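Chain by chain, the residues:
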Amino acid sequence: MSTAMNFSTKSFTPRPPDKGAFPLDHFGECSTFKERFMECLRHSGYESAACRQRAMAYLECRMDRRVRPATPARQLMANEPLEKLGFKDLINEKSEEKPEK
């Protein structure tokens, strides 16, 4: 039985996953939003549906590229439409709350 392996026949080029992995918030730029979400989870008995507004705010913070001009963009998460992340109903509620002129 031969245990020799030939690694030169295939080349492997690693690539990051499309979804589910993003840089950690090392500088705590979104920690306030995270703490509010975690507090809501604790108060609701870890029922995530009750805290969707805060989850959406946290994701918006991570995607936010509109930072002060002197500071670099956060780039903690790829900019993704909130509808694709499951918040379409909350976005519709926001638009209905705005009074029409």
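Above this text you will find the structure in question.
Treat the numbers as computed from the prediction; the structure is a model and nothing was measured.

## Comments concerning the environment of Leu59
Assignment of secondary structure puts Leu59 in helix α2 (residues 52–63). Owing to a relative accessible area of 18%, Leu59 belongs among the buried residues under this scheme. A C-alpha to C-alpha distance of 9.2 Å links Leu59 and Leu85, two positions 26 residues apart in sequence. Among residues more than four places away in sequence, those in contact with Leu59 are Met77, Leu85 and Phe87.

## Details of the pattern of salt bridges
In the structure shown here, the tally under the stated rule is 3 salt bridges. Measuring nitrogen to oxygen at the nearest pair gives 2.9 Å for the salt bridge that ties Arg52 to Asp89. A residue pair is termed long-range when its members are at least 10 positions apart, and Arg52 in helix α2 and Asp89 in helix α3 (residues 88–97) qualify at 37 residues. Judged by relative accessible area, Arg52 falls into the partly exposed class, the value being 24%. What makes Asp89 partly exposed here is its relative accessible area of 36%.

## A word on the nonpolar core
Across soluble globular proteins, nonpolar side chains have a tendency to be buried as a group. The biggest cluster of nonpolar side chains holds 16 residues, and the ones touching the most others in it are Cys30, Phe37, Cys51, Met56, Leu59, Leu82 and Phe87. Elements with a contribution of two residues or more to this core: α1 (31–43) and α2. Ranked by residues supplied to this core, first place goes to α2 with 6 residues.

## Focus on the packing of α1 against α2
Between α1 and α2, the shortest axis-to-axis distance is 9 Å and the interhelical angle comes to 160°. By the angle class used here, α1 and α2 are roughly antiparallel. Of the two elements, α1 crosses α2, and the hand of that crossing is left-handed. Between α1 and α2, the contacting residues are Phe33, Lys34, Arg36, Phe37 and Cys40 on the first element and Arg54, Ala55, Ala57, Tyr58 and Cys61 on the second.

Calculation rules
- Residues numbered from 1 in each chain as written.
- Predicted model: local features only at pLDDT ≥ 70, side-chain atom pairs only at ≥ 80, totals over all residues.
- Heavy atoms only, no water.
- Helix = DSSP H or I, 4+ residues; strand = E, 2+ residues; numbered from the N terminus.
- Buried < 20%, exposed > 50% of the residue type's maximum accessible area, 1.4 Å probe, protein only.
- Contact = heavy atoms within 4.5 Å.
- Salt bridge = Lys/Arg side-chain N within 4 Å of Asp/Glu carboxyl O.
- Core = buried A, V, L, I, M, F, W, Y, C linked by side-chain atoms within 4.5 Å.
- Axes fitted to C-alpha atoms, helices over the stretch in contact; angles between N-to-C directions.
- Parallel < 35°, antiparallel > 145°, perpendicular 65-115°, else oblique.
- Left-handed = near helix turned anticlockwise from the far one by under 90°.

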